[in-house]
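Here is how the chains run, residue by residue.
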Amino acid sequence: MKKIILFADPGIDDSFAIMYALLNPEIDLLAIVSSYGNVTKQQATDNIAYLLELAGRSDIPIIGGANSPLSGEIPTYYPEIHGPEGLGPIKPPEGFSGELTNFSELYNIIKENDDITIVDVGRNTSLANLYLLGENIAEEISAFYIMGGAFLVPGNVTASAEANFYGDPVASNLLVSKLDNLYIVPLNVSNKAIITMEHINTILQMSNNPLINIIDDIMQFYMAAYEKLIPGLNGAPLHDVLTLSLMINPAMGRVVRKDVDVLLTDEGRGTSIADFRERAEPADKNIFIYLTFDYYWFVNDFIRVMSSPLNQ
Ligand code: RIB
Ligand code: CA
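Described below are features of the structure shown in this document. Since we're looking at a predicted model, the values are computed, not measured. (Residues numbered from 1 in each chain as written. Chains lettered and ligands numbered in written order. Predicted model: local features only at pLDDT ≥ 70, side-chain atom pairs only at ≥ 80, totals over all residues. Heavy atoms only, no water.)

1. Re the site of ligand 1
Inclusion rule: The criterion for a residue being near a molecule or strand is simple. One of its heavy atoms has to lie within 4 Å of it. Each polar contact in these results corresponds to two N or O atoms within 3.5 Å; when the atoms are within protein, one needs to be able to donate a hydrogen and the other to accept it, and residues that are neighboring in sequence are counted only if both atoms are side-chain atoms. Working definition of accessibility: Shrake-Rupley area with a 1.4 Å probe, residue cover restricted to the visible protein chains.
Residues in contact with ligand 1 amount to 13 residues; listed here are only the nearest, Asp 13, Asn 38, Asn 156, Glu 162 and Asp 240. Between an oxygen atom of ligand 1 and a main-chain N or O atom of Val 121, the distance comes to 3.0 Å. Side-chain polar atom of Asn 164 to an oxygen atom of ligand 1: 3.0 Å apart, as the coordinates give it. Coverage of ligand 1 by the protein amounts to 96% of the 280 Å² it exposes when considered alone.

Dropping the structure here:
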């Protein structure tokens, strides 16, 4: 069983990632860090709390992460992709509000548990703060998985930048400079992690619980948003779920070891760079970039996990 701390900004694919983590018998979800990103931190917190309540797992602490990037800029949110409140057409009940645990509790959780993996599927500000405020934090964590970046392929916010790295490039660049055992899941693979309504219907036929009952409406919204971006896609990519799925099934994908930089300013902002030339110098750091994965393995894993019973 893998002990994980998940950093997220739900957001539709983040919400699927939270459900995947809650339903996967191989994952022990120690805490979720809530931050700005797809929506405000308050909205992300309410959405996390709602999903935890539907799953009967309100015992999992929601840790208060960042409200904005390290630059102090006002964040841009993405209601056109994730819905005005981040769960497509689904809203937590009127008056429902998530309760936050102080960020410092993360250090207690890390001290009390061995062999923790951190998975960050949002803007990287909160994880950068964990590193900056802690002592030897990079050595106390077994591995870091982050969804972000795009290597030699187009970005999804600008021509070359992916949303998580674009949102706080200072934080992302700090992570690629300082963390050890860092696995990056970029758009190269996550854009191909397409889930369709057929997959969702299969899950709904195999399972029936309050958590899973909302996925139909959420996915319809997300697919309609992607249909506008990429007409004819007939599905939508679950970037953040692929990150967790690769963490649990590392052999599902192929990595290359490369040093990475994230550009900070101007037109290059958020662009991830690595040297892919034949004559590139060997990498100094333990950074592993996923460049390919087995799509059918991913889909089977997604359906199997999402149709697992709650509270096992
Ligand atoms: O670029 C994809 C990432 O940006 C995902 O984490 C998604 O949730 C969006 O915020
Ligand atoms: Ca995300």
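2. Quick notes on the coordination of the calcium ion (ligand 2)
Operational definition: With water excluded from the atoms, a metal site may look incomplete; its donors are any N, O or S atoms within 2.8 Å, or within 3.2 Å for Na, K and Ca. Numbered from the N terminus, helices here are DSSP runs of H or I no shorter than four residues, and strands are runs of E no shorter than two. When accessible area is computed with a 1.4 Å probe and restricted to protein chains, residues below 20% of their type maximum are described as buried, those above 50% as exposed, and intermediate ones as partly exposed.
Taken together, the protein ligands of the calcium ion (ligand 2) are Asp 9 (OD), Asp 14 (OD), Asp 14 (OD), Val 121 (O) and Asp 240 (OD), with distances of 2.3 to 2.7 Å. Donor residues for the calcium ion (ligand 2), ordered by position in the chain, follow D-x4-D-x106-V-x118-D. Placement of the pair is Asp 9 in the loop between β1 (2-8) and α1 (12-23) and Val 121 in the loop between β4 (116-120) and α5 (125-133), with a sequence separation of 112 residues. With relative accessibility at 1%, the residue Val 121 sits in the buried group.

3. Notes on a nonpolar patch on the surface
Our working definition: A patch consists of residues whose relative accessible area exceeds 30% and which take part in no salt bridge; residues with like charges are grouped when within 9 Å of each other, and nonpolar side chains (Val, Leu, Ile, Met, Phe, Trp, Tyr) when within 5 Å. By definition here, a salt bridge exists when the distance from a side-chain nitrogen of Lys or Arg to a carboxyl oxygen of Asp or Glu is within 4 Å.
A cluster of nonpolar residues, Leu 70, Leu 132, Leu 133, Val 170 and Leu 264, forms a patch on the protein surface that exposes about 440 Å² of accessible area. Considering the arrangement of structural elements, one finds Leu 133 in helix α5. The exposed category is assigned to Leu 133, whose relative accessible area is 60%.

4. Description of the sheet that holds strand β2 (residues 27-34)
Note the cut-off: Any two strands with at least two DSSP bridges between them are considered paired. Axis lines are fitted through C-alpha atoms, for helices just across the contact stretch, and the angle between N-to-C directions can take any value from 0 to 180 degrees. Two residues form a contact once any of their heavy atoms are found within 4.5 Å.
Taken in spatial order, the eight strands line up as β3-β2-β1-β4-β5-β6-β12-β9 in an open sheet, and their pairing is mixed. Each edge of the open sheet carries a strand with a single partner, namely β3 (62-64) and β9 (253-257). Strand-to-strand twist of the sheet, defined as the mean angle between neighbouring strand axes without regard to direction, takes the value 25 degrees. Helix-sheet contacts for helix α2 (residues 41-54) involve β2 and β3, and the interaxial angle to β2 is about 155 degrees.

5. Let's talk about the nonpolar core
Stated precisely, the cut-off is as follows: Working definition of a nonpolar core: buried Ala, Val, Leu, Ile, Met, Phe, Trp, Tyr and Cys residues. They are joined through side-chain atoms within 4.5 Å.
Counting residues in each nonpolar core, the largest one holds 71 residues, and the members touching the most others are Phe 16, Leu 244, Phe 302 and Met 306. The biggest single contributor to this core is α1, with nine residues. Setting aside its immediate chain neighbours within four residues, Met 306 contacts Phe 16, Met 19, Tyr 20, Leu 23, Ile 203, Ser 207, Ile 212 and Ile 215. In terms of nonpolar packing, the next biggest core, distinct from the first, is built from 35 residues, Phe 7, Ile 118, Phe 144 and Val 260 among them.

6. Details of helix α4 (residues 105-112)
Note the following rule: Note that the arc is defined by the directions from the helix axis to the C-beta atoms.
For α4, the set of buried residues is Leu 106, Tyr 107, Ile 109 and Ile 110. Axial view of α4: buried residues confined to an arc of 160 degrees, hence all on one face. Exposed side of α4, more than 90 degrees from the buried face: Lys 111 and Glu 112 are the residues found there. Buried positions along α4 lie against β1, β2, β3, β4, α5 and α6 (137-140).

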